[in-house]
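So you can see what is in the structure, the chains are spelled out below.
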Amino acid sequence: QVQLVESGGGLVQAGGSLRLSCAASGRTFSSMGWFRQAPGKEREVVTSISWSGGSTTYADSVKGRFTISRDNAKNTVYLQMNSLKPEDTAVYYCGARRVGVASYDYWGQGTQVTVSS
């Protein structure tokens, strides 16, 4: 059974930092990523990382502030979020994409990140 379990969300003041973790079990994936959905908005991609960790992508809104990394031995992906802004407030989801599959097809349950001004 494939599971993605996120942790690390919470409430932080603007300018603060949080680190999210996503532990995957059941299989390995070609790439993993973080997405977020704010109230009344569609889910958007924040960042992604390849299996090797050699390829990463970031949304323009988080470049220079967020860093994605992965530990393949633990099958875990991390999202270090620094200089947080109120507009980063959202539910953050971990997603995973299987080898040979075009879209993300496994999702975690989501973790709330709230940034107060």
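Scroll up for the structure.
Model, not experiment: these values are computed from the prediction.

How each quantity is defined
Residue positions within a chain follow its written sequence, with the count starting from 1. Reporting in this predicted model follows two pLDDT cut-offs: at least 70 for local features of residues, and 80 or more for side-chain atom pairs to be given and counted; totals over whole chains, interfaces and linings ignore these cut-offs and use all residues. Hydrogens and water are ignored here; the side-chain numbers use all heavy atoms of the structure. Where helices and strands are cited, they refer to DSSP runs of H or I of at least four residues and of E of at least two residues respectively, numbered from the N terminus. Remark: exposure states derive from per-residue accessible area (1.4 Å probe, protein chains only) relative to the maximum for the residue type, with buried under 20%, exposed over 50%, and partly exposed in between. The contact criterion used is simple: two residues touch if any of their non-hydrogen atoms lie within 4.5 Å. By definition, two strands form a pair when at least two bridges between them are found by DSSP. To obtain an axis, a line is fitted to C-alpha atoms, over the contacting stretch when the element is a helix, and the angle between two such axes runs from 0 to 180 degrees between their N-to-C directions. Working definition: rings of Phe, Tyr and Trp (its six-membered ring) pair if their centres are within 6.5 Å, and the pair is stacked with planes under 30 degrees apart, edge-to-face with planes over 60 apart, and tilted otherwise. Note on disulfides: each one is a pair of cysteine sulfur atoms within 2.5 Å.

A. Layout of the environment of Gly33. Tracing the backbone shows Gly33 in strand 4 (residues 31–37). A relative accessible area of 0% places Gly33 in the buried class. For the pair Gly33 and Val77, spaced 44 residues apart in the sequence, the C-alpha separation amounts to 8.0 Å. Setting aside residues no more than four positions away along its own chain, Gly33 makes contact with Thr47, Ser48, Ile68, Tyr93, Cys94, Gly95 and Tyr104.

B. Structural detail: the sheet that holds strand 1 (residues 3–7). Pairing within the open sheet is antiparallel, and its 4 strands lie in the order 1-3-8-7. Looking at strand neighbours, the two that pair on one side only are strand 1 and strand 7 (66–71), the edges of this open sheet. On average, adjacent strands in this sheet sit at an angle of 15 degrees to one another, irrespective of strand direction. Two strands pair when backbone bridges link them, and strand 1 and strand 3 (residues 18–25) are joined in this way by 5 bridges, in the antiparallel orientation. Residue pairing in the sheet places Leu4 in a bridge with Ala24 of strand 3.

C. Summary view of the pairing of strand 9 (residues 90–97). Among the 8 residues that make up strand 9, 6 are buried, leaving the element largely enclosed by the rest of the structure. Strand direction decides the pairing type here: strand 4 and strand 9, joined by 7 bridges, are antiparallel. Bridging across to strand 9, Trp34 finds its partner in Cys94. Pairing between strand 9 and strand 11 (residues 111–116): 3 bridges, direction antiparallel.

D. View of the packing of aromatic side chains. One pass over the structure, following the stated rule, counts 4 aromatic pairs. Centroid distance Phe35 to Trp107: 4.8 Å. Interplanar angle 70 degrees. Geometry classified as edge-to-face. Placement of Phe35 in strand 4 and of Trp107 in strand 10 (residues 106–107) is noted, with a sequence separation of 72 residues between them. Judged by its relative accessible area of 10%, Phe35 falls in the buried class. What makes Trp107 partly exposed here is its relative accessible area of 35%. One aromatic cluster is present, built from ring pairs that chain together Phe35, Tyr104 and Trp107.

E. A look at the state of the cysteines. Under the criterion given, the structure shown has 1 disulfide. Disulfide partner of Cys22: Cys94, at an S-S distance of 2.0 Å. In this structure, the disulfide formed by Cys22 and Cys94 twists by about -75 degrees around the S-S bond and is classed as left-handed. On the criterion of sequence distance, the pair formed by Cys22 in strand 3 and Cys94 in strand 9 is long-range, its members being 72 residues apart. Summarising the burial analysis for this pair, Cys22 and Cys94 share the class buried.

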